[in-house]
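Structural overview
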Amino acid sequence: MKTDAQKLHGMKVLLVGSGGREHAIAWKLSQSPRIDRLFIAPGNAGTAALGTNVSIGAEDIPALVEFARDQNMDLVMVGPEAPLAEGLADALQANGIPVFGPTRLAAQMETSKIFSKAFMARHGIPTARYAAFTDYTLALNHLNSVDYPVVIKASGLAAGKGVLIPGSKEEARQTLYDLMVGNLLGAVGHDVVIEERLEGEEVSLLAFTDGVTVCSMPPAQDHKRLLVDDRGPNTGGMGAYAPAPVCPPALVKELTQTILQTAVDGLRSEGIPYRGVLYAGLMLTADGPRVLEFNCRFGDPETQVLMPLLDSDLIDIAESCVNGTLDQMEIHWKNEACACFVLASAGYPGKSVTGLPIHGLETRREHRTVFHAATRQNGEQILTSGGRVLGVTAWDKTLKGAIELARSTIGEIHFEGMQYREDIGARGLRHQCELPSAYATAGVNIDAGNRAVRLMSDAVRSTYNRHVLDGIGSFGGMLDASHLKSMERPILVSSTDGVGTKIMVAAQAGRYCGLGYDIVNHCIDDILVQGARPLFFLDYFASSCLQPEMVAEIVMGMADACREAGCVLIGGETAEMPGVYQENELDIAGTIVGLVEYDKILSKTRLQPGDLLVGLRSSGFHTNGFSLLRHVFNDTPLDTVFPGMDCPLEDALLEPHRSYLSLLGPVLDAPDSPVKALAHLTGGGIIENLPRVLPQHLDAHVRRGSWPVPPIFSIVQQKGNVSNDEMLRVFNMGIGMVAVLAPENLTRFQEMLPEEAWVIGELTAGDRKFILE
């Protein structure tokens, strides 16, 4: 085998499979400068242009292992599920060949519906109600007893034909008989799962994993039915698009943790490490997300819309999954949308007409490509060789643009009997811009508001504790306060604030999750300076036009921040006011109520001359100064990386407001806490916020240069020609919280902190002034 140094360049890679998914993977792999030779077994007419097709079937395990061993392969990537089910990864590993793909036992997450459903039940992964059967009579009795519509699934692999959706109880009985007695799908249909049919939006969420770390890909939506408006028979997939607006980044984050990470952790705990791609087919129901199924590989056609969006080297990712170093990878995705239309043969999904010449594949296209799925080379001619023939794929800044590019390409391609769905991505466009109802002619969409509540409800409820009596959906949240009786003298501390014009930067970038953290953490810090801990939070969201997914993304960020702080997100208000806000404008505010014992209140009366001012780092601009920032960077692209910066401007501007609760909470709780007072640096910067905690007889002296100012602030000052004093009056300059303590407590305070803090000044006798030296 090659050494690591030899493998840095000149790698040999074998990709197993022959469909559109494999062509998309090969297309992405071929872009890596690290690959010297790419082999595809068996491949198709499209992959032949990217590497070397090898005449070995995807399920011929001995021949694949022998070829990989003889060719001294550096990596094998497995596309389809069948060879994984047969133990290809196990056989390659036994021969010392690195393989990207799960073992046979891990692949049971897809290959056995019975195993998968039982696994989800063991590990608390939300899924539909179900029962599994190997006996027809028991299955029939169960079917007759349930009072809800069902889906009947063959437990084993059935080439995409194992999920059957009967339209009536009688049709369900016939389907069950056909599978378990009539041998409809052979042995794979003899064991079945009967589960509740769920309603909602379907989403495909795929993730890379090394068995410990999980990194999600953009969410995609597949189109299973043959005909427009989801009519006709089920297929392997007539197209897809990504990212799916119905699953915003905040929901992706939540699903990654609660479903994909839980699954990977659960498998590892059962002695089954999972490496490769784990794919969750999800239903976003009114009661929260539910897992329809797990798959153990890249999706098809989801891969055709994910690979064009991937902005990192797929080889690097695959190697990190194999080597267990995925936590060291930073995977980047394009801020674009991608759509894929499948061109299928006449007769598909039944008996397909094949062997027909395909015309129009020769044209080179920008931001577009055609992935081959069922094609073969016949001399100079490319012929159809199966049902799903091609995947016409395009990407653009917007989903609408990607769809239009793909459609224009379809018009250039032809083979006899070609069929495709014209409405690929239409559902995503509807989510981006809600269709108006009769009442919506006044500018208010009630249905959009209701869906926003449904999307955010699980995240909000995840913050609840045993004291919550009623919350989201009620006229007012209710919290049982009887536990306050245990306190000597409980003091309620409250604060209200807003995010401000940082919202406009988030809207420009299309990134909203951080705004939820901004408002919650800002309010937490405002009451922390009194020594209070958060009890509950109420949010307010208003816009000109309600976009449910955007609202849900923001509120899910609030829920995450509340959950991290042990705070209940008990309610709020979502308002659509087209007459008040201009188009695309929105506003976010929040109110927090916290709790502190009377004798734990941080009081300015304890301060005295000689006390030290100790600065704690900020996470960036927090939520202040964005009117000036927008002016300074008005003509600067958000993806600009300035010299001295390690991230694009967009990331620096949108870094969420830091909460100091986890850092300072243990310090404030310590016996004889060294902290006398705290000052939260918000609007007005250090110049105006430090005097707010001073008694009338003290001045605050702050020394310039006593703490490291992050480079972004210098960039703002230079680019905007902003004076030193104005910088200090508008921005926090890298210090988000200032602690006041006696000099003799400095060492103890610094030892209690897990990070560096800086003495930036001291208090002196005076008349409540701020003095900069």
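1. Digging into the overall build of the protein chain
- Scanning the protein chain from N- to C-terminus turns up 25 helices and 34 strands.
- In terms of C-alpha radius of gyration, the protein chain reaches 30 Å, essentially the compact-globule figure of 28 Å for 773 residues.
- For the protein chain, the spread of C-alpha atoms along the principal axes amounts to about 90 × 60 × 55 Å.
- The 773 residues of the protein chain split such that 57% are buried.
- On the protein chain, roughly 31900 Å² of surface is accessible, and the fraction owed to carbon and sulfur atoms is 49%.

2. Re the sheet that holds strand β9 (residues 192–196)
- Taken together, four strands build an open sheet; the order of strands is β6-β9-β7-β8 and the sheet is antiparallel. Unpaired on one side and paired on the other, β6 (130–133) and β8 (163–164) mark the two borders of the sheet.
- Sheet topology note: the β6/β9 ladder contains four bridges and is antiparallel. Looking at the pairing, Ala131 lines up with Ile194 of β9.
- Of the strands in this sheet, β6, β7 (150–154) and β9 touch helix α8 (residues 136–145), which is tilted by about 160° from β6.
- Across the sheet, helix α9 (residues 169–180) is in contact with β6, β7, β8 and β9; its angle to β7 comes to roughly 5°.

3. Observations regarding the pattern of salt bridges
- One pass over the full model with this rule turns up 32 salt bridges.
- Residue Arg563 pairs with Asp560 through a salt bridge whose shortest N-O separation is 2.3 Å. Placement of the pair is Arg563 and Asp560 together in helix α18 (residues 548–565), with a separation of three residues, close to one helical turn.
- Using a relative accessible area of 37% as the deciding quantity, one classes Arg563 as partly exposed.
- With relative accessibility at 8%, the residue Asp560 sits in the buried group.
- Between Arg729 and Glu688 there is a salt bridge, and its shortest N-O distance comes to 2.9 Å. Of this pair, Arg729 sits in helix α24 (residues 724–730) while Glu688 sits in helix α22 (residues 685–689); the two residues are 41 residues apart in sequence, bridging distant segments of the chain.
- For Glu688, a relative accessible area of 39% translates into the label partly exposed.

4. Brief notes about the sheet that holds strand β15 (residues 239–242)
- Read across the sheet, five strands follow the order β12-β15-β18-β22-β19 without closing on themselves; strand pairing throughout is antiparallel. For this open sheet the edge positions go to β12 (221–222) and β19 (368–372), each flanked by a neighbour on one side alone.
- Examined bridge by bridge, strand β18 (residues 337–344) and strand β22 (residues 388–396) share eight bridges and lie antiparallel to one another. Residue Ala337 lies in a different strand from β22, and its bridge partner there is Asp396.
- Of the strands in this sheet, β19 and β22 touch helix α2 (residues 20–29), which is tilted by about 130° from β19.
- Contacts between helix α13 (residues 399–410) and the sheet are confined to β15, β18, β19 and β22, with β18 contributing the most and set at about 30° to the helix.

5. As for the pairing of strand β31 (residues 698–702)
- In terms of residue burial, β31 counts as a mostly covered element, since five of its five residues are buried.
- Neither face of β31 is open: one carries Leu698, Ala700 and Val702, the other Asp699 and His701, and all of them are buried.
- Bridge count between β31 and strand β33 (residues 758–765): five bridges; the pairing is antiparallel. Residue pairing in the sheet places Asp699 in a bridge with Thr764 of β33.
- Sheet topology places β31 next to strand β34 (residues 770–772); three bridges connect them, and they run parallel. Counterpart to His701 in the pairing with β34 is Ile771.

6. Regarding α9
- Between its first and last C-alpha atoms α9 spans 17 Å; for 12 residues at 1.5 Å apiece the expected length is 16 Å, and the two agree.
- Listed as buried for α9 are Ala172, Thr175, Leu176, Leu179 and Met180. What you see down the axis of α9 is that its buried residues fit within an arc of 110°, all on one side.
- Looking at the packing, one finds that the buried side of α9 touches β6, α8, β7, β8 and β9.

7. A few points about the side chain of Thr409
- Tracing the backbone through its elements, the reader meets Thr409 in helix α13.
- A distance of 3.1 Å separates polar atoms of two side chains, one belonging to Thr409 and the other to Arg368.

8. Looking at the environment of Tyr130
- Assignment of secondary structure puts Tyr130 in strand β6.
- Apart from residues lying up to four places away in sequence, Tyr130 is in contact with Lys117, Ala118, Ala121, Val193, Ile194 and Glu195.
- Within the local environment of Tyr130, its side chain forms a polar contact with the backbone nitrogen of Ala118, the two atoms lying 3.5 Å apart.

9. Remarks on the packing of aromatic side chains
- Applying the stated rule across the entire model yields 13 aromatic pairs.
- Seen in terms of ring centroids, Trp27 and Phe371 are 5.5 Å apart; in terms of plane orientation they differ by 80°. Their pairing is edge-to-face. Residue Trp27 is located in helix α2, and its partner Phe371 is located in strand β19; the two are separated by 344 residues in the primary sequence. When sorted by exposure, Trp27 lands in the same class as Phe371, which is buried.
- Grouped by ring-pair contacts, the aromatic residues Phe621, Phe626, Phe713 and Phe731 constitute a single cluster.

So, how was this worked out
- Residues numbered from 1 in each chain as written.
- Predicted model: local features only at pLDDT ≥ 70, side-chain atom pairs only at ≥ 80, totals over all residues.
- Heavy atoms only, no water.
- Helix = DSSP H or I, 4+ residues; strand = E, 2+ residues; numbered from the N terminus.
- Rg over C-alpha atoms; globule rule 2.2 N^0.38 Å.
- Buried < 20%, exposed > 50% of the residue type's maximum accessible area, 1.4 Å probe, protein only.
- Areas by Shrake-Rupley, 256 points an atom, 1.4 Å probe, with all protein chains shown as cover.
- Pairing = 2+ DSSP bridges.
- Contact = heavy atoms within 4.5 Å.
- Axes fitted to C-alpha atoms, helices over the stretch in contact; angles between N-to-C directions.
- Salt bridge = Lys/Arg side-chain N within 4 Å of Asp/Glu carboxyl O.
- Expected span 1.5 Å × (residues − 1).
- Arc of directions from axis to C-beta.
- Polar contact = N/O pair within 3.5 Å; in protein donor to acceptor, adjacent residues only side chain to side chain.
- Phe/Tyr/Trp six-rings, centres within 6.5 Å; stacked < 30°, edge-to-face > 60°.

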